[in-house]
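One-letter residues, chain by chain:
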Amino acid sequence: MLKLCLAVHHELLAAALAVKKVERPLSTQETLQACAQRYQAKDTPYPAWYLFGCREKEVTGLVTLYTRQGINVFLCPDHKLGSKLKADIIDVQFCTLSSSLYTKFTSQGKKIIGYLPPSFASKAYLATKVQAENGGKFLPVQKVYTKDSEPLLPAENIKVWILKWPYGSAGKSCTGAPYTVWQAEHLQNNLPKLLAGLEAEESFICSEFILTRDPYAGYADHVVHKMPFLASPGSGVKAYGSYCQKFISHCNWAALEKKHVLPLGDFIQTTTITTGKVDTIKLFPEFIQSLSFHQGCVMFSVDFMVPPDGIPRFLESNKLAATFAEKFDPHLPPLVDYYGSKSL
């Protein structure tokens, strides 16, 4: 019988199991016991939905789906992965696998699913990949700055900019520093000081602040779309259904006018989350083509915005997104269940 290792980032696995730490791989029996216990539990966090399913959300979960296919499944925290791992298949959808360990596993004949190179965690790197797929028009005007960069903005006709880091999420860097929104003149005056404050290996991204005027969201000026995708060998990249999440917000222009720079969380006011249909976006099929660098068998979500010109602007993709258990399309199962039934 095939043996499958379901590798999970250690903090996500601890949250799914409702423990402080996970210091070793679980056996198949322990994995099935945890699945039975956590599927019944109410108010479980999203990592538990992915692994163990959730009755209330109508999610089956990967452990059950793989077991139904006659496979012995066991869970392993990512920091306990090693080249001597005894498994025929390794699912790394919910963790980052180093390129060196990926090479070792594949040289041993192990099948790897859910893999994207670690470099994909960088927003700056993702932008270069979109650009390489002739997707330049789907990118905001932006520039990556290092300590040695010339202290000039990438364009003169943009009035508002956002400063963010190549690595981070939820409006913060990986160290917790917030993204900031700047009036152009104030940012230009402060760029020399900002660059001087960077360490040798540090960088930040200066990007135009995309404004929307979404007729399907009350003409809100800040609407982020989060769309689930699936990449599979032979089929390329496809959007999963035609529905996405929409994060609808309004901007605090008075506060920005007064202070000239604000943390993103202070500039973006109360957010409403709803669903939307991407088939109203005329260039969406072409936008998908610019994402074809996501290869292998992997789920990911893409954050993008649609300004009044109707051309989507790519922000980032994420294979650890908290959207795969959501059921946006009433005619489709949650993406994590589809992935679990098709990935092998």
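Everything discussed here concerns the structure shown above.
The following paragraphs examine the structure supplied in this document. Keep in mind the model is a prediction, meaning the values are calculated, not measured.

Tallying secondary structure elements over the protein gives 11 helices and 17 strands in all. Its C-alpha atoms give the protein a radius of gyration of 21 Å, near enough to 20 Å, the size a compact globule of 344 residues would have. In the protein, buried positions account for 50% of the 344 residues. Residue pairs at least 24 apart in sequence account for 65% of intrachain contacts in the protein once pairs closer than 6 positions are excluded. When the accessible surface of the protein is split by element, carbon and sulfur atoms take 52% of a total near 16700 Å².

Take the pattern of salt bridges next. Scanning the model with the defined rule gives nine salt bridges in all. The closest approach of N and O atoms between Lys 123 and Glu 316, which form a salt bridge, is 3.7 Å. With Lys 123 in helix 6 (residues 123–132) and Glu 316 in strand 17 (residues 313–318), this pair connects stretches of sequence that are 193 residues apart. One salt bridge in this structure joins Lys 246 and Asp 214, with 2.8 Å as the shortest N-O distance. Here the residue Lys 246 occupies a position in strand 13 (residues 243–249), and Asp 214 occupies one in the loop between strand 10 (203–208) and strand 11 (222–232), the gap between them amounting to 32 residues.

Let us look at the sheet that holds strand 4 (residues 111–113). Sheet architecture is open: four strands sit in the order 2-1-3-4, paired in parallel fashion. Two strands in the sheet have a free side with no partner beyond their single neighbour: strand 2 (72–77) and strand 4. Averaged over all pairs of adjacent strands, the angle between their axes in this sheet comes to 20°, without regard to strand direction. Sheet analysis places strand 1 (residues 3–8) next to strand 3 (residues 89–94), joined by four bridges and oriented parallel. Bridge assignment links Leu 4 to a residue of strand 3, and that residue is Ile 89. Across the face of the sheet, helix 1 (residues 10–17) comes into contact with strand 1, strand 2 and strand 3 while running at roughly 120° to strand 2.

The rules we used
- Residues numbered from 1 in each chain as written.
- Predicted model: local features only at pLDDT ≥ 70, side-chain atom pairs only at ≥ 80, totals over all residues.
- Heavy atoms only, no water.
- Helix = DSSP H or I, 4+ residues; strand = E, 2+ residues; numbered from the N terminus.
- Rg over C-alpha atoms; globule rule 2.2 N^0.38 Å.
- Buried < 20%, exposed > 50% of the residue type's maximum accessible area, 1.4 Å probe, protein only.
- Contact = heavy atoms within 4.5 Å.
- Areas by Shrake-Rupley, 256 points an atom, 1.4 Å probe, with all protein chains shown as cover.
- Salt bridge = Lys/Arg side-chain N within 4 Å of Asp/Glu carboxyl O.
- Pairing = 2+ DSSP bridges.
- Axes fitted to C-alpha atoms, helices over the stretch in contact; angles between N-to-C directions.

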